[in-house]
Each structure stands twice: as C-alpha cells, then as structure tokens.
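Residues per chain, in single letters:
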Amino acid sequence: MTDEPRVRPVDDLKFAAYLTAGLTALGALLGLAWSAWSPPGPAATAFGGGKFEPSDTEAFIASDGRFLVLVAAVGLLAGGLAWWRARNRGPFVVLGLGVGGLVGALLTELVGHLTGGGSFTGKRYTFSDGSVHEVTLHMPLSLHAQGLLFIESAAAALVYGLFVAFAVRDDLGRPDPVRDSLVAAASVDAGDHPQDGGGHGDAPRALQQGYLPPQ
C-alpha cells in the first residue's frame, strides 16, 4: 500500500484558485504586450456628445487581431498545462480555466487601454463649412469586438475537453492510493483460479475438476 496521500476536493479547489490567479496575473502582462505590439489608434474628429469619426478603421482591426492572437495562445497553453497536472484533473480545473481566462482577458483589455497611449481630446479646428471640432492625433487603444474577451477561456476549455474526451481511463488518470490498494487486494493469483487466470482473454484456460468427464 502506497504512502501517497489521497487527493481531496479541497486540493482541487486550491489548484483551481491558483490557476485563476495565474491567468489573471498573466492577463496584466498580456495587456502590456498588446499595447506594445498594436499600432497607434487612428486620428479622429470629435462631433460632441461622445461621438467620434475615425479617419480609418484598419487600426481597429489590427489591434483586435493582435488581441485575439495573444489571448488564444495563452488559452491553448493553459488548457494543455492544466491537463498535464494529473493529480488535480476534474471539473474544478475547468472552472478555474473559465474564470481565470475571462478575468485575464478583461485585465488585458484594461491594461492595454491604459498603457496604449492616445487621447479623446485634441486641437480645435474650423472646417470649411464653418463648424468647429476637435481633432485627435490618435485614439486610445481599445477592443472593439467584445466577443474576443471569451476567446481565452473558450480555447482553454476546448483543449482540456479534448484531452478528457480522448482519455483512456474513466478516472482521467488521477492518482488514488485507496482505490489502487483495493484493486491490488481483490486481484487473485492465476494458479488459484485457473478459470479467471491472467493471460490473453481469448486464450483457452484450464478446466476445473468439476468439468472433467466422469470416469
């Protein structure tokens, strides 16, 4: 019988909490990477009432695309690493991946917005029609496709779910010393019960005395 302690549900919860905290902290670092990698926001004209007219939208697409690459890569990696730790496989890991991925992506957006530069205020110009508007040099970095916030958690859950779906063992390979000791105690020697002995399942087995023909 092994001396390895049995994994308790509280241990799985603790690992899920660590996973959530790790993805959250990583989200802040990704925000810095997103702001450094993304191009400056486009110039825009303010028309009052919080309405802005950007000069082009290619910068929006570029910044959203880079956000997608960063959070998807982290989600895929997190799902694989979470499965690699066999000791704590289970539903709590999926919960940690989902919550951590979502909070991390939100933090990536916030940090990138705060550190990406840009402004919604600029110089006032008089246009040819006589109207006066503010023109900004470039708008702040922001995420426009809000659905991308769910990409990190979805990618992590997808990878983890694929590993679960193709797992050979129903217990996902989690260590359980109590179960292993019970299985070892219940196993029988092939010589004591030849009809239930080891070997190939389709191989012929020796007959018990009761199956011998009468003399």
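What comes next concerns the included structure. (Residues numbered from 1 in each chain as written. Predicted model: local features only at pLDDT ≥ 70, side-chain atom pairs only at ≥ 80, totals over all residues. Heavy atoms only, no water.)

On to the side chain of threonine 108, then. Looking at where threonine 108 falls in the secondary structure, it is placed in helix 3 (residues 91-115). What makes threonine 108 buried here is its relative accessible area of 1%. Sequence-distant contacts of threonine 108, that is, excluding residues within four places in its chain, are made with Gly27, Leu30, Gly31, Trp34 and Phe67. (Helix = DSSP H or I, 4+ residues; strand = E, 2+ residues; numbered from the N terminus. Buried < 20%, exposed > 50% of the residue type's maximum accessible area, 1.4 Å probe, protein only. Contact = heavy atoms within 4.5 Å.)

Moving on, we come to the nonpolar core. Residues Trp34, Phe67, Ala82, Val93, Leu97, Leu143 and Tyr160 are the most contacted members of the largest nonpolar core, which totals 22 residues. Elements that contribute at least two residues to this core include exactly helix 1 (9-37), helix 2 (58-84), helix 3 and helix 4 (151-165). Broken down by element, the residue count for this core peaks at seven residues, all from helix 2. Sequence-distant contacts of valine 93, that is, excluding residues within four places in its chain, are made with Phe15, Leu19, Ala82, Asn88 and Tyr160. (Core = buried A, V, L, I, M, F, W, Y, C linked by side-chain atoms within 4.5 Å.)

Moving on: the packing of helix 1 against helix 2. At their nearest, the axes of helix 1 and helix 2 sit 10 Å apart, and the two run at 155° to each other. Taken together, the axes of helix 1 and helix 2 lie roughly antiparallel to each other. Seen along the crossing, helix 1 lies across helix 2 with a hand that is right-handed. Across the interface between the two elements, Leu19, Leu23, Leu26, Leu30, Ala33, Trp34 and Trp37 from helix 1 touch Ser63, Arg66, Phe67, Val69, Leu70, Val74, Ala78 and Ala82 from helix 2. Split into classes, the residues belonging to the contact of helix 1 with helix 2 amount to 13 nonpolar, one polar and one charged. (Axes fitted to C-alpha atoms, helices over the stretch in contact; angles between N-to-C directions. Parallel < 35°, antiparallel > 145°, perpendicular 65-115°, else oblique. Left-handed = near helix turned anticlockwise from the far one by under 90°. Nonpolar A, V, L, I, M, F, W, Y, C, P; charged D, E, K, R; others polar.)

With respect to the helices, strands and loops of the structure, asparagine 88 is situated in the loop between helix 2 and helix 3. Separated by 2.8 Å, the side chains of asparagine 88 and aspartate 12 make a polar contact. For asparagine 88, the side chain forms a polar contact with the side chain of arginine 85, separated by 2.6 Å. (Polar contact = N/O pair within 3.5 Å; in protein donor to acceptor, adjacent residues only side chain to side chain.)

The subject of this paragraph is the packing of aromatic side chains. Centre-to-centre distance and the angle between the planes together describe a pair of aromatic rings. A complete count under the given rule lists three aromatic pairs for this structure. Residues tryptophan 34 and phenylalanine 67 carry aromatic rings whose centres are separated by 5.1 Å and whose planes lie at 70° to one another, so their mutual orientation is edge-to-face. Taken together, the residues tryptophan 34 in helix 1 and phenylalanine 67 in helix 2 connect sequence positions 33 residues apart. Centroid distance tryptophan 83 to phenylalanine 163: 5.6 Å. Interplanar angle 10°. Geometry classified as stacked. Here tryptophan 83 is found in helix 2, whereas its partner phenylalanine 163 is found in helix 4, with 80 residues between them in sequence. Among the residues examined, phenylalanine 163 registers a relative accessible area of 37% and is labelled partly exposed. Here a set of aromatic residues connected by ring pairs shows up, and it is made of Trp83, Tyr160 and Phe163. Stacked on the ring of tryptophan 37, the Lys or Arg arginine 66 has its end atom at 5.3 Å from the ring centre. The side chain of arginine 89 reaches across the aromatic face of tryptophan 83, ending 3.7 Å from its centre. (Phe/Tyr/Trp six-rings, centres within 6.5 Å; stacked < 30°, edge-to-face > 60°. Lys NZ or Arg CZ within 6 Å of the ring centre and 35° of its normal.)

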